[in-house]
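# Structural characterization, general
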Amino acid sequence: MTRNRGMAVCAAALGVLLVALATPILAHHSTTMFVNDKTITLEGTMTEVAFGNPHSLFFLDAKPVEGPNEPMKNWSVEAPNPRRLTGMGWQRDTIKAGDKVRITGYARKDGKPQILFIEISDDKGHHFSEKRENYTGN
Amino acid sequence: MNRVPGTLWRSAMGVIVIAGLCALPSVAQTSSNASGKKTAAPAGWQEKWVGMYEGQDREGKIAPPGFKVLYPPEPDTIELVDSLLQPWAKARGLTTSYELEDPGQICRPTGPLRGNATSEFELLASAEKITIVGGTGGGILTGGIRRIYLNRGHLKNPPLTYYGDSVGHWEGDTLVIDAVGFNEKTWFSRDPQRHTEALHIRERWKFVANDGWLEKTITVDDRFALTAPYTVTRYFEKLPDATAQPERLCLDTPEARRAWIKLYKRYERDYEEERKNMGSNVSLTEER
Amino acid sequence: MPIRTDPYGLLAAAFALTFALAALPAAAQAPAATTTAERPELKGPDFTGVYQLVPSGASLPGGLRNQGGPEEIPLQPAAQATARASSPKDDLAKLCMPVGPFRMMAWDGNKMDVYRSPGRITMLYENYFLGHMRTIYLDRPHTPGAPLWVGDSVGRWDGDTLVVDTNRFNEHTWLNSAGAPHSEDLRLTERYRLVDGGKYLEVRMTAEDAKVLTGPYTYTRYYERVNTEIQEDICNDDLETVVE
């Protein structure tokens, strides 16, 4: 494929510039491996809780509430950074490995056992949730 | 000798005008180092340039008064790059494994094209080089450090690295930077938009708005991945000298580091499984 | 014959004028601060440069040589027990996390570059993941805050010697590769000076931690000033096996 330099490129770049300026800035999470229109709610037991920047990560042995006949799997949950979590009231040791939890998150496009955190509740009355429209990812 | 016909003259002027219009978004951008006039370093440049900077798009900050941001940051850069990706590069993006190949997943450097406008950075200097920590230069979080050598041209066979081989020279008050020698592990943006080792980044940095802002005009080219180069302009406000450089680490707790590496290895194993399964479906005995 | 005034020509001239105006230098700013009160980094010699740790055992002019090291640190019995119970696989260096200045300044093969900026001296390490970045703020007190991997460093000049005081460490790092722990009371004092006509940078590193050490401990290292460049060294390009 030949590349045009000079005039045609200028014109194309200028055209793209005009289009780009006309396009509103997108504020949502960019196109990654999660969908933003399908959520999964998991019920199970935390196996690992790891707070960290830029993303925290949890593991739980769980199955989806909508698929009670599915086998138990060790799911992972990508979650916000510690400041956002503590901002929800969720301290590092509030929920621990061994606690029974219910977590909702966005599903993956490829169906792998991982979700993008939206909210969590445990059997001690804790409930924390993320305002998903502010989550811009990394 | 005949006078140039009026219509031809007007067409020529029209070409000059359009060329001028095209040059305007990237004001002083020229096509290569050779076309600019190299000068000695400005007297006292280190004192002026060294320090802490904060990018546009922080709350309330857009660009210095009188200056227009020509390309907003991601995700609109994503759209721009998408429009320029060659078909095979687009296809490569579709088959890229985010978990295994996004350098940021386990805190490998994210490269010189991510975390652009919104990042802070610090400039450090010696007589031989100017070093940028963070900002355009990658994020501090993931080891984004570029050393821009002022005392030499490009190495003959630079090792291919995340941040490339960057060299700079002065053209009056403008620092002109040229970078090649990139590995293929980083992306054009936080989407899997892949570049090749032919990535070539040219930058022109200069102070504007009463020396309060640093303007960076960045031209990104990759003759194998893009159909054309693109140029972005970014503004960074110079902060007071006493501004702290906070410690910033990617996956900054041992448990987070271990957890993400565990996830990475899980995806690695899944990937190997899938490959093996695909392989077992291929029959080698049915060659005709 | 002169070419008559022509709208395109006028436009082109207007562009040319705009470019010419844009090229004018910006209005001059106030002159940069130059007194050492405002620029404490100028009170002492210029350490800016690239440095390579001299291997232990090598003898330098004047009989100077590396002395001591993190492995010889005198631990209290409880700390010794903690160290004995640790395993090399738990060394956070294997996860490419910072090892802290006490270990890093004695790290075999350590290479770093040093810069000075208004009010500070900065150290970057070739092995950026293990050494990270150290900002040494001059002539000012410690700031409070969360515990850090490389600690909070403040420095002052004592003649030709830069004296650096670092505290506010987190408890994740080891004091040596054998798992020697430290508390959040760990405090490092470093004394940097150029020796042998500026060819070498001498580092005297003292650790104090009343909860863990039997007393303050000091080691000495020499760094050669070199002309070679810092290379990119990405620790987690090759991940060691992590036990799950």
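## Examining the overall build of chain A
- Assigned secondary structure in chain A consists of two helices and six strands.
- Along the chain direction, N to C, the helices and strands of chain A fall in the order α-β-β-β-α-β-β-β.
- When the 138 residues of chain A are sorted by exposure, 28% land in the buried category.

## Details of the overall build of chain C
- Within chain C, the secondary structure is distributed over four helices and nine strands.
- Counting the 244 residues in chain C, one finds 37% classified as buried.
- Contacts in chain C between residues far apart in sequence, at least 24 positions, make up 60% of those at least 6 positions apart.

## Examining the sheet that holds strand S4 (residues 145–149) of chain B
All names here are of chain B.
- The strand order around the closed barrel built from nine strands is S1-S2-S3-S4-S5-S6-S7-S8-S9, with neighbouring strands paired in mixed fashion. When strand polarity is set aside, the average angle formed by the axes of neighbouring strands in this sheet is 30°.
- In the sheet, strand S7 (residues 200–208) pairs with strand S8 (residues 213–221) via nine bridges, with the strands oriented antiparallel. Across the sheet, the residue bridging to isoleucine 201 is valine 220, located in S8.

## Here's the deal with the sheet that holds strand S6 (residues 161–167) of chain C
Residues and elements named next belong to chain C.
- A barrel is described by the order of its strands in space; here nine strands give the closed sequence S1-S2-S3-S4-S5-S6-S7-S8-S9, paired in mixed fashion. Sheet twist, expressed as the average angle between the axes of neighbouring strands with direction ignored, equals 30°.
- Here strand S4 (residues 133–138) runs beside strand S5 (residues 152–158); their pairing, made up of three bridges, is parallel. Within the sheet, the bridge partner assigned to isoleucine 136 lies in S5 and is serine 153.

## Focus: the environment of Val154(C)
- Looking at the element boundaries, Val154(C) is found in strand S5.
- Between the C-alpha atom of Val154(C) and that of Thr189(C), which follows or precedes it by 35 residues, the distance is 9.9 Å.

## Remarks on the pairing of strand S4 (residues 100–108) of chain A
Residues and elements named next belong to chain A.
- Strand direction decides the pairing type here: strand S1 (residues 34–50) and S4, joined by eight bridges, are antiparallel. Note that in S4 the partner of leucine 42 across the bridge is isoleucine 103.
- The hairpin turn running from S4 into strand S5 (residues 114–122), its antiparallel successor, is five residues long, and glycine 111 in that turn takes a positive phi close to 80°.

## Some remarks on the nonpolar core
- Counting 131 residues, the largest nonpolar core has Leu57(A), Phe58(A), Leu60(A), Val77(A), Ile115(A), Leu123(B) and Ala207(C) as the members making the most contacts within it.
- Residues in contact with Ala207(C), not counting those within four places in the same chain, are Ile73(C), Phe102(C), Leu175(C), Leu186(C), Leu188(C), Leu213(C), Pro216(C) and Tyr217(C).

## Digging into the confidence of the model for chain C
All names here are of chain C.
- Taken over all residues, the pLDDT of chain C has a mean of 88, while the share at 70 or more is 84%.
- Here residues 18–30 is modelled with pLDDT under 50, and outside its nearest four sequence neighbours on either side it reaches nine contacts, counting other chains as well.
- Both scores are available for the predicted complex, with the pTM at 0.81 and the ipTM at 0.84.

## Here we look at the pairing of strand S2 (residues 56–64) of chain A
All names here are of chain A.
- When S1 meets S2, the two strands line up antiparallel, connected through eight bridges. Directly across from leucine 42, in S2, lies its bridge partner proline 64.
- Relative to strand S3 (residues 73–79), S2 runs antiparallel, the two being bridged by seven bridges. Of the residues in S3, the one forming a bridge with serine 56 is alanine 79.

## Structural notes on unusual backbone geometry
- At the junction of Asn53(A) and Pro54(A), the peptide bond is cis and its omega measures out at -5° in the coordinates.
- As for its position among the elements, Pro54(A) is in the loop between S1 and S2.
- With phi around 60°, Asn210(B) is a residue other than glycine that occupies positive phi space.
- Mapped onto the fold, Asn210(B) is located in the loop between S7 and S8.
- Phi angles above zero are rare outside glycine, and Asp211(B) is one such case at about 65°.
- Assignment of secondary structure puts Asp211(B) in the loop between S7 and S8.

## As for the confidence of the model for chain A
Residues and elements named next belong to chain A.
- With 72% of its residues at a pLDDT of 70 or more, chain A shows a mean pLDDT of 79.
- Mean pLDDT across the secondary structure elements of chain A bottoms out at helix H1 (residues 7–22), with 42, and peaks at S2, with 97.
- Segment residues 11–31: pLDDT under 50, and 30 contacts once partners within four positions in sequence are set aside and those in other chains are kept.
- Counting interchain partners and residues more than four positions distant, the pLDDT-below-50 stretch residues 134–138 has twelve contacts.

## Section: the environment of Leu186(C)
All names here are of chain C.
- Relative to the helices and strands, leucine 186 resides in the loop between S6 and strand S7 (187–195).
- Taking the C-alpha atoms as reference, leucine 186 lies 9.1 Å from asparagine 170; in sequence the two are 16 residues apart.
- With residues up to four places along the chain from it excluded, the contact list for leucine 186 reads Phe169, Ala207 and Asp209.

## Considering the environment of Glu184(B)
All names here are of chain B.
- Here glutamate 184 shows up in the loop between strand S6 (174–180) and S7.
- By the C-beta count within 10 Å, which is 15 here, glutamate 184 ends up partly exposed.
- Once the C-alpha coordinates of glutamate 184 and arginine 194 are considered, the two residues, ten residues apart in sequence, prove to be 7.5 Å apart.
- Those residues in contact with glutamate 184 that sit more than four places away from it in its chain are Arg194, His195, Thr196 and Glu197.

Rules behind the numbers
Residues numbered from 1 in each chain as written. Chains lettered and ligands numbered in written order. Predicted model: local features only at pLDDT ≥ 70, side-chain atom pairs only at ≥ 80, totals over all residues. Helix = DSSP H or I, 4+ residues; strand = E, 2+ residues; numbered from the N terminus. Buried ≥ 20, exposed ≤ 12 C-beta atoms within 10 Å, placed from the backbone. Contact = placed C-beta atoms within 7 Å. Pairing = 2+ DSSP bridges. Axes fitted to C-alpha atoms, helices over the stretch in contact; angles between N-to-C directions. Core = buried A, V, L, I, M, F, W, Y, C linked by C-beta atoms within 7 Å. pLDDT = per-residue confidence, 0-100.

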